[in-house]
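Structural characterization, general
Listed below are the residues making up each chain.
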Amino acid sequence: MSSPSETLFARALQLIPGGVNSPVRAFRSVGGAPFFTKAARGATLITADDRELIDFVCTWGPAIHGHNHPRIKAAIAAALENGTSFGTPNPYEVEMAELIVKFFPSIQKVRMCNSGTEATMSAIRLARGFTKRDKIIKFAGCYHGHSDSLLIKAGSGALTHGHPDSAGIPAAFAQETVVLPYNDTAAIDAAFAANPGKIACIILEPYIGNVGFIKPDAGYHQHLRKACTAHGALLIFDEVMTGFRLARGGVQELEKIIPDLTCLGKIIGGGLPVGAFGGRADIMDYLAPLGPVYQAGTLSGNPLAMAAGIASLKLIDELNPYAKLDTLGRQVCTAALAAAQSKGLPLQAPQVGSMFSLFFTPTPVRDYDTALTSDAKLFGRFFRACLDGGVYLPPSAYESWFLSTAHEGAAIDRACEVISSAIKSL
Ligand SMILES: *Cc1c(COP(=O)(O)O)cnc(C)c1O
């Protein structure tokens, strides 16, 4: 007899490529088939098979308050009374813009869109239109969504499933994207020297979450900021993952950097589809209808999505959850490192707040190449041992884990026990 998840997956495979609507959800790199989730609350997923799993994916970042938070649910329900989409400006959009600008001092004006992919794609177009230059710099392993200019040496599912350079991207497009190793200041200087007056922008995940979690070296961001200013290029922080997750003002608040443009998503949608990009007013005013760079969206600023996002950001403002999240993150990494040490297993556990990864490698991880030294096969066995014990990790050795405020208490203690014994069983 097949389980409900097995039956659903068999049906999905007939009609949906790989059975999934986003490749990161597939289990191909860890083995087995994905389970289906029928409900989620707090730190827990409830599967179609009636299993309860402690969730370290948190819908890939947005669920910082835990799943199905009552305040967010109530905000969506209240907005729903008034309609689902108007096709005109609505009051929620203004409140959302005010909240974003309040927390991100580098953002003077902001435009809402429907996904992180749209945010980065539009920010790149804006940077090119504003500087009247074509080339962009990105870093190996950084994932910025799935638009053509950015799916080159990309992380996340593109890397997990063996296609960091996607098929279907014309060579002429790829030539306009200069890919550099992260944490390498000499490579930045060389790229600007080799392309004088041609680089429109540098885009980066200021802390990388999409090749596993990686922090920059001290002074690295300052170097990028100085190089962009010196060469007339824009600095774009893709904080779709880190924005509101590590601090109210994102990594730029932690590192005291003022980028020219910032991309947001995930948490600002409170679990509904939302993206945003914003920054210096003189740059943002290059967007239509004021300026010549076109960007649009039928459902952009959707009232339900704005209501969910506003509730999520207000909760963050009230709770200031970052110290608590950091304690929880440290608890998991400390438990994992202790278990690995007792077993003599090399393990790296970089962590900031509620983002971290476990890399099974003796090599400190500081870029794409060193991330790839981690033992992905071993990670697959570790993943399955955790799942058997009721803990759901990202199904890839190259993803950040996420925590929510709902992971406190018994949930985190139980998760640490399962993770430790899974490591000892390897
Ligand atoms: C998730 C992510 C994106 C893409 O966002 P989508 O909403 O999935 O399109 C872009 N950049 C970063 C850093 C991300 O983590």
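Residues numbered from 1 in each chain as written. Predicted model: local features only at pLDDT ≥ 70, side-chain atom pairs only at ≥ 80, totals over all residues. Heavy atoms only, no water.

One can find aspartate 317 in helix H11 (residues 303-319). Along the primary structure aspartate 317 and glycine 353 are separated by 36 residues, whereas in three dimensions their C-alpha atoms are 16 Å apart. With sequence-adjacent residues up to four places away left out, aspartate 317 is seen in contact with Lys102, Phe103 and Arg248. (Helix = DSSP H or I, 4+ residues; strand = E, 2+ residues; numbered from the N terminus. Contact = heavy atoms within 4.5 Å.)

The next thing to look at is the domain arrangement of the protein. You can read the domains of the protein as domain 1 (16-68 + 321-421) and domain 2 (70-318). Distance between the C-alpha centres of domain 1 and domain 2: 25 Å. Counting from both sides, the interface comprises 35 residues of domain 1 and, opposite them, 36 residues of domain 2. Taking both partners together, domain 1 and domain 2 bury about 2,900 Å²; carbon and sulfur atoms supply 64% of that area. Considering only the surface of domain 1 that becomes buried against domain 2, Tyr322, Arg366 and Tyr368 emerge as the three largest contributors, covering 25% of it. Linking domain 1 with domain 2 are one salt bridge, by the criterion used here. (Domains from an automatic or database assignment. Buried area = accessible area lost by both parts, 1.4 Å probe. Salt bridge = Lys/Arg side-chain N within 4 Å of Asp/Glu carboxyl O.)

Let us look at the packing of aromatic side chains. Think of a pair of aromatic rings as described by two things: how far the centres are apart, and how the planes are tilted against each other in angle. Per the stated rule, a full pass over the model turns up 18 aromatic pairs. Ring centres of phenylalanine 139 and tyrosine 182 lie 5.9 Å apart, and the angle between their planes is 80°; this geometry places the pair in the edge-to-face category. Linking phenylalanine 139 in strand E5 (residues 135-139) with tyrosine 182 in the loop between strand E6 (177-180) and helix H7 (185-194), this pair joins segments that are 43 residues apart in sequence. For the pair formed by phenylalanine 139 and tyrosine 182, the shared burial category is buried. (Phe/Tyr/Trp six-rings, centres within 6.5 Å; stacked < 30°, edge-to-face > 60°. Buried < 20%, exposed > 50% of the residue type's maximum accessible area, 1.4 Å probe, protein only.)

On to the packing of helix H14 (residues 376-388) against helix H15 (residues 410-424), then. Where H14 contacts H15, the two axes come as close as 9 Å, and the packing angle between them is 135°. Compared by their axis directions, H14 and H15 come out oblique. In this structure, the crossing between H14 and H15 has a hand that is right-handed. Residue-level inspection shows Phe382, Ala385 and Cys386 of H14 in contact with H15, the latter providing Val418, Ile419, Ala422 and Ile423. Classifying every residue of the contact of H14 with H15 gives seven nonpolar, no polar and no charged. (Axes fitted to C-alpha atoms, helices over the stretch in contact; angles between N-to-C directions. Parallel < 35°, antiparallel > 145°, perpendicular 65-115°, else oblique. Left-handed = near helix turned anticlockwise from the far one by under 90°. Nonpolar A, V, L, I, M, F, W, Y, C, P; charged D, E, K, R; others polar.)

Take the state of the cysteines next. Inspection of the entire model under this criterion finds zero disulfides. The thiol of cysteine 201 is unpaired, and the distance to the nearest cysteine sulfur, on cysteine 228, comes to 8.0 Å. Note on cysteine 201: relative accessible area 0%, which makes it buried. The exposure class assigned to cysteine 228 is buried, which follows from its relative accessible area of 0%. (Disulfide = S-S within 2.5 Å.)

Right, let's get into the site of the ligand. All residues in the neighbourhood of the ligand are listed as Ser115, Gly116, Thr117, Tyr143, His144, Gly145, Glu205, Asn210, Asp238, Val240, Met241 and Lys266. Contact between the ligand and tyrosine 143: a nitrogen atom at 3.3 Å from a main-chain N or O atom of the residue. Measuring from an oxygen atom of the ligand, one finds a side-chain N or O atom of asparagine 210 at 3.1 Å. Considered on its own, the ligand offers 380 Å² of accessible surface; in the complex 83% of this is hidden by protein. Counted by class, the shell around the ligand contains three nonpolar, six polar and three charged residues. (Near = heavy atom within 4 Å. Polar contact = N/O pair within 3.5 Å; in protein donor to acceptor, adjacent residues only side chain to side chain. Areas by Shrake-Rupley, 256 points an atom, 1.4 Å probe, with all protein chains shown as cover.)

Bringing the sheet that holds strand E3 (residues 52-55) into the picture now. Taken together, four strands build an open sheet; the order of strands is E1-E2-E3-E13 and the sheet is mixed. With partners counted over all chains shown, the strands left at the sheet margins are strand E1 (37-41) and strand E13 (391-392), one partner each. The pairing of strand E2 (residues 44-47) with E3 spans three bridges and is classified as antiparallel. Counterpart to isoleucine 46 in the pairing with E3 is glutamate 52. (Pairing = 2+ DSSP bridges.)

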